[in-house]
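# A look at the structure
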Amino acid sequence: MHKKISNNSRVSLGGTLLLFFGPLLHADQNTPNLISDPGFERATSGFYARDADADYAVRSSEKPISGKYSLNFGLSKDGSGVHWNKSNLKTRYRSAKGLKVTLRSRPNTASSSTVKLCASAEYSSGDKAESCAPISNLPGFVSSTTALVVIDPKLSVKKIQIDIYQIDDGSTDYTVDSVSAILILPGSTPGPTPSPTPNPTANPTPTPSPSPNPTPVTMWVPALNTAWQWQLSAPLNPVTDLIAGVQAYDIDLFDNLTSTVDAIHKGGAKAICYFSAGTCENWRPDASQFPREVIGKAVKGWAGENWIDIRNATVRRIMSARLDLCKAKGFDSVEPDNVDGYTNNPGFPLTKLDQIDFNKFLAQESHAR
């Protein structure tokens with residue numbers, strides 16, 4: 001669907017908001033990369049094939065993605081995988097609010113099998129939070145894949161894991177490099193303003209010099225009548241779907257790779273990150289993270305999709321993680337859909353004020369990135 005933006009600040013699209021990434025308003029603290037040797041220059045960094053008899057994961061100097069070495073792995077059947085984990089986390093790491101895993105990969109052979117990157121955090125209780133993302137299977141093409149896990153900071157994290165596994169029978173051969181596993185820690189909260197110290201002399205306290213204004217961070221704001229393409233029916237193919245004259249593409253967060261966003265930028269256009277903020281779609285990689293009690297009535301006309309309770313704190317953490325993934329993939333703005341649940345009999349007593357509060361939350365979180 002080829003549309004024109006008719007308002008240069010926010011566009012209403014029947015229950016959606018178009019929001020733009022802006023200056024950072026607050027910052028979370030991230031851990032260092034927990035992968036000891038992310039480029040595999042010295043070792044395999046703890047990555048191994050689960051079935052060592054049928055599969056392999058070895059350090060290789062043959063056509064590395066970067067540096068002198070990369071990790072080369074081969075999988076042979078449905079369920080085959082490469083695994084990494086880290087336990088004995090530092091105490092302050094155990095209250096993380098998220099886990100971000102990113103890698104660069106290149107398929108070395110053509111294959112019809114799907115390979116996924118999965119990141120997970122296991123709590124001390126034995127429960128697990130997990131998120132998966134598909135890895136490109138285009139032979140010879142280097143792409144970046146990110147999996148972002150929402151973690152409940154009130155629960156203690158015992159172990160984090162990375163799994164690269166194959167769906168369907170067949171064989172796959174990949175080269176992997178630049179792997180990172182980073183825990184996102186809750187940002188520090190400013191303490192109370194200290195009371196002024198009494199002045200021991202009669203001399204007046206000098207007036208402090210004003211602090212310099214911070215350098216403003218630019219934010220993309222589309223011009224009036226910007227030509228844009230709204231493509232949600234299928235992933236955008238950078239080879240066949242880029243259209244001359246289109247200045248912005250609105251595409252699905254989960255269905256499109258970082259390399260697709262890169263291709264849009266290389267063509268001189270902007271990328272808008274679409275996701276549903278007011279519903280749970282059971283085919284999404286983070287669908288299992290929605291608590292049962294927040295799942296409401298079915299969305300008419302859309303199998304597998306249900307309204308959610310937007311007042312719930314876990315729902316908001318999931319949406320924040322989706323915004324983090326939008327940013328990690330390089331999108332310029334976001335389109336949260338289904339932000340009019342209170343008008344649709346969602347199965348919860350949502351009010352107009354509840355919806356306004358949630359929409360403000362989405363706007364603030366978007367501009368904070």
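Located above this text is the structure these notes cover.
Bear in mind that the values here come from a model prediction, so they are computed numbers and not experimental data. (Residues numbered from 1 in each chain as written. Predicted model: local features only at pLDDT ≥ 70, side-chain atom pairs only at ≥ 80, totals over all residues. Heavy atoms only, no water.)

The next thing to look at is the sheet that holds strand β17 (residues 279-281). The three strands lie next to each other as β17-β19-β18, forming an open sheet whose pairing is antiparallel. Pairing within the sheet leaves two strands with one partner each, and these edge strands are β17 and β18 (295-298). Averaged over all neighbouring strand pairs, the angle between strand axes comes to 40 degrees, with direction disregarded. In the sheet, β18 pairs with strand β19 (residues 305-308) via two bridges, with the strands oriented antiparallel. Directly across from Ile 295, in β19, lies its bridge partner Ile 308. (Pairing = 2+ DSSP bridges. Helix = DSSP H or I, 4+ residues; strand = E, 2+ residues; numbered from the N terminus. Axes fitted to C-alpha atoms, helices over the stretch in contact; angles between N-to-C directions.)

As a further point, take helix α2 (residues 313-328). Given a rise of 1.5 Å per residue, 16 residues ought to cover 22 Å, and the 23 Å separating the end C-alpha atoms of α2 matches this to within 8%. Those residues of α2 hidden inside the fold are in contact with β11 (143-150), β16 (270-276), β19, β20 (333-337) and α3 (352-367). One side-chain oxygen of the residue at the start of α2 lies 2.8 Å from the amide nitrogen of Thr 314, identifying that residue as Asn 312. Once α2 finishes, Gly 330 follows within two positions and takes phi at roughly 95 degrees, a positive value. (Expected span 1.5 Å × (residues − 1). Contact = heavy atoms within 4.5 Å. Polar contact = N/O pair within 3.5 Å; in protein donor to acceptor, adjacent residues only side chain to side chain.)

Right, let's talk about the packing of aromatic side chains for a bit. Scanning the model with the defined rule gives five aromatic pairs in all. Considering the side-chain rings of Phe 40 and Phe 47, the 5.7 Å spacing of their centres and the 70 degrees angle between planes classify their relative orientation as edge-to-face. One exposure class covers both Phe 40 and Phe 47, and it is buried. Chaining the aromatic ring pairs together yields one cluster made of Phe 40, Phe 47 and Trp 84. The lysine or arginine in question, Arg 59, covers the ring of Tyr 69, its NZ or CZ lying 3.7 Å from the ring centre. The ring centre of Phe 361 lies 5.1 Å from the NZ or CZ of Arg 316, which sits over that ring. (Phe/Tyr/Trp six-rings, centres within 6.5 Å; stacked < 30°, edge-to-face > 60°. Buried < 20%, exposed > 50% of the residue type's maximum accessible area, 1.4 Å probe, protein only. Lys NZ or Arg CZ within 6 Å of the ring centre and 35° of its normal.)

Scanning all chains against the criterion turns up two disulfides. The disulfide partner of Cys 118 is Cys 132, and the gap between their sulfur atoms is 2.0 Å. Across the disulfide from Cys 118 to Cys 132, rotation about the S-S bond amounts to roughly 110 degrees, and the bridge is consequently right-handed. Here the residue Cys 118 occupies a position in strand β9 (residues 114-123), and Cys 132 occupies one in strand β10 (residues 128-135), the gap between them amounting to 14 residues. Two residues share a disulfide in this structure: Cys 273 and Cys 326, whose sulfurs sit 2.1 Å from each other. The S-S bond linking Cys 273 to Cys 326 shows a torsion near -65 degrees; that makes this disulfide left-handed. One end of the pair, Cys 273, is in strand β16; the other, Cys 326, is in helix α2, and 53 residues separate them in sequence. (Disulfide = S-S within 2.5 Å.)

In total, this model carries eleven salt bridges according to the counting rule given. A salt bridge links Arg 50 to Asp 163, with the shortest nitrogen-to-oxygen separation between them at 3.1 Å. With Arg 50 in the loop between β4 (48-49) and β5 (56-60) and Asp 163 in strand β12 (residues 157-167), the pair connects residues that are 113 residues apart, well separated along the chain. The class of Asp 163 is buried, set by a relative accessible area of 13%. With a closest N to O distance of 3.0 Å, Lys 77 and Asp 51 form a salt bridge. Here Lys 77, found in the loop between β6 (70-75) and β7 (81-86), pairs with Asp 51, found in the loop between β4 and β5; they are 26 residues apart in sequence, far enough to count as distant. On the accessibility criterion, Lys 77 (33% relative accessible area) is partly exposed. According to the relative accessible area criterion, Asp 51 is partly exposed, its value standing at 27%. Put simply, Asp 252, Asp 255, Glu 281 and Arg 284 are held in one network by salt bridges that share partners. (Salt bridge = Lys/Arg side-chain N within 4 Å of Asp/Glu carboxyl O.)

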